[in-house]
Structure formats: C-alpha cells, structure tokens
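One-letter residues, chain by chain:
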Amino acid sequence: MTTAQIALSIVMIVASLFLIIVVLLQSGAQQGLGAVSGGAETFFGAGKATAADKVLARLTSVVGVVFVLAALVLNLIH
C-alpha cells in the first residue's frame, strides 16, 4: 500500500465518520408534519430552516463530495 492510498483511506474514514455525525445532528423531516395532525404552525415559520440547519446541510454536501472524490481517486490509484 502506498502513502497516497493510506492517506486517502484515512481521509475516507474521517469523512465517513464526520458525515454520519453531521447527518445525525440535522433536524428530522417529520417536524413539518404537525399540520397534518392539527399542529399549529404559523405562516412565517413554515419552510424556513434555521441557521444551524443551513450550515449542517451545507456541511453534509461538502463532506459527501469529499467522500465520493476520495473513493474515486482511491479506486483509480488502486
């Protein structure tokens, strides 16, 4: 195993763990289903993500791309 393969393997492991953590920290999609069962939701609060949700969604995208690119490069090197 070359140094590049070891480095990319470490990047993939770290990215996968970080991706799991970021996905678990995101709020669930079922929170918006309160209107179906009669839950009160104001017009201005509907569909607006909080700042933390936006950051977590952006982090999920970035880390997912890093993970996929590392997997592709590792496959090409191997």
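If you're wondering where the values come from, they're calculated on a predicted model, not measured in any experiment.

### With respect to the overall build of the protein
Within the protein, the secondary structure is distributed over 2 helices and 0 strands. Residues counted as buried form 13% of the 78 residues belonging to the protein. Across the protein, contacts joining residues at least 24 apart in sequence account for 91% of those joining residues at least 6 apart.

### Quick word on a nonpolar patch on the surface
A cluster of nonpolar residues, M1, I6, I10 and V14, forms a patch on the protein surface that exposes about 440 Å² of accessible area. Within the secondary structure, I10 is located in helix α1 (residues 3-25).

### A look at helix α2 (residues 51-77)
For α2, built from 27 residues, the straight-helix expectation of 39 Å at 1.5 Å per residue is met to within 8% by its first-to-last C-alpha distance of 39 Å. Within the span of α2, buried status applies to L56, V63, G64, A70 and L74. Considering only its buried residues, α2 is in contact with α1.

### Focus on the environment of S16
Positionally, S16 belongs in helix α1. Taking the C-alpha atoms as reference, S16 lies 6.8 Å from F67; in sequence the two are 51 residues apart.

### Some details on the side chain of Q5
With respect to the helices and strands, Q5 occurs in helix α1. A relative accessible area of 10% places Q5 in the buried class. Here the side chain of Q5 touches T2 through a polar contact of 3.1 Å, landing on its backbone nitrogen. Once residues within four sequence positions are removed from consideration, Q5 is found in contact with L74, I77 and H78.

### Regarding α1
Its 23 residues give α1 an end-to-end C-alpha distance of 33 Å, which sits within 8% of 33 Å, the value for a rise of 1.5 Å per residue. Tucked into the core, α1 has its buried residues touching α2.

### A closer look at the environment of I77
Locating I77 in the fold gives a position in helix α2. I77 sits 73 residues away from A4 along the chain, and the two C-alpha atoms are 8.3 Å apart. Contacts of I77, omitting those with residues within four sequence positions, involve A4, Q5 and L8.

### Quick word on the packing of α1 against α2
Two elements in contact, α1 and α2, have axes separated by 9 Å at closest approach and are oriented at 155 degrees. The angle between α1 and α2 places the two elements in the roughly antiparallel class. When the axes of α1 and α2 are compared, the crossing they make is left-handed. For the contact of α1 with α2, a count of residues per class yields 20 nonpolar, 5 polar and no charged.

So, how was this worked out
- Numbering of residues starts from 1 in every chain and runs along the sequence as written.
- With the structure being a predicted model, the display of local features is reserved for residues of pLDDT at least 70 and the display and counting of side-chain atom pairs for 80 or more, all residues being used for whole-chain, interface and lining totals.
- As a rule here, side-chain values cover all heavy atoms of the structure and leave hydrogens and water aside.
- Strands are runs of DSSP state E lasting at least two residues, helices are runs of H or I lasting at least four, and both sets are numbered from the N terminus onward.
- When a residue's accessible area, from a 1.4 Å probe over protein chains only, is under 20% of the maximum for its type it is buried; when over 50% it is exposed; and in between it is partly exposed.
- Two residues form a contact once any of their heavy atoms are found within 4.5 Å.
- Excluding any residue in a salt bridge, patches collect residues exceeding 30% relative accessible area, merging like charges within 9 Å and nonpolar Val, Leu, Ile, Met, Phe, Trp and Tyr side chains within 5 Å.
- Each accessible area value is a Shrake-Rupley result obtained with a 1.4 Å probe; residue values ignore everything except the protein chains displayed when judging cover.
- Note on definitions: salt bridges are taken to be side-chain nitrogens of Lys or Arg within 4 Å of carboxyl oxygens of Asp or Glu.
- For a helix, the expected span equals 1.5 Å multiplied by the residue count minus one.
- Any pair of nitrogen or oxygen atoms within 3.5 Å is treated as a polar contact; in protein, a donor-acceptor pairing is required on top of that, and neighbouring residues in sequence qualify only through side-chain atoms on both sides.
- Inter-axis angles, ranging from 0 to 180 degrees, are taken between N-to-C directions of lines fitted to C-alpha atoms, where helices are fitted over the stretch in contact.
- Any angle from 65 to 115 degrees is called roughly perpendicular, while one under 35 is roughly parallel, one over 145 is roughly antiparallel, and all others are oblique.
- For any pair of crossing helices, the crossing counts as left-handed if the nearer helix is rotated counterclockwise from the farther one by less than a right angle, and right-handed if it is rotated clockwise.
- Only Asp, Glu, Lys and Arg are considered charged, only Ala, Val, Leu, Ile, Met, Phe, Trp, Tyr, Cys and Pro nonpolar, and every remaining residue, Gly among them, polar.

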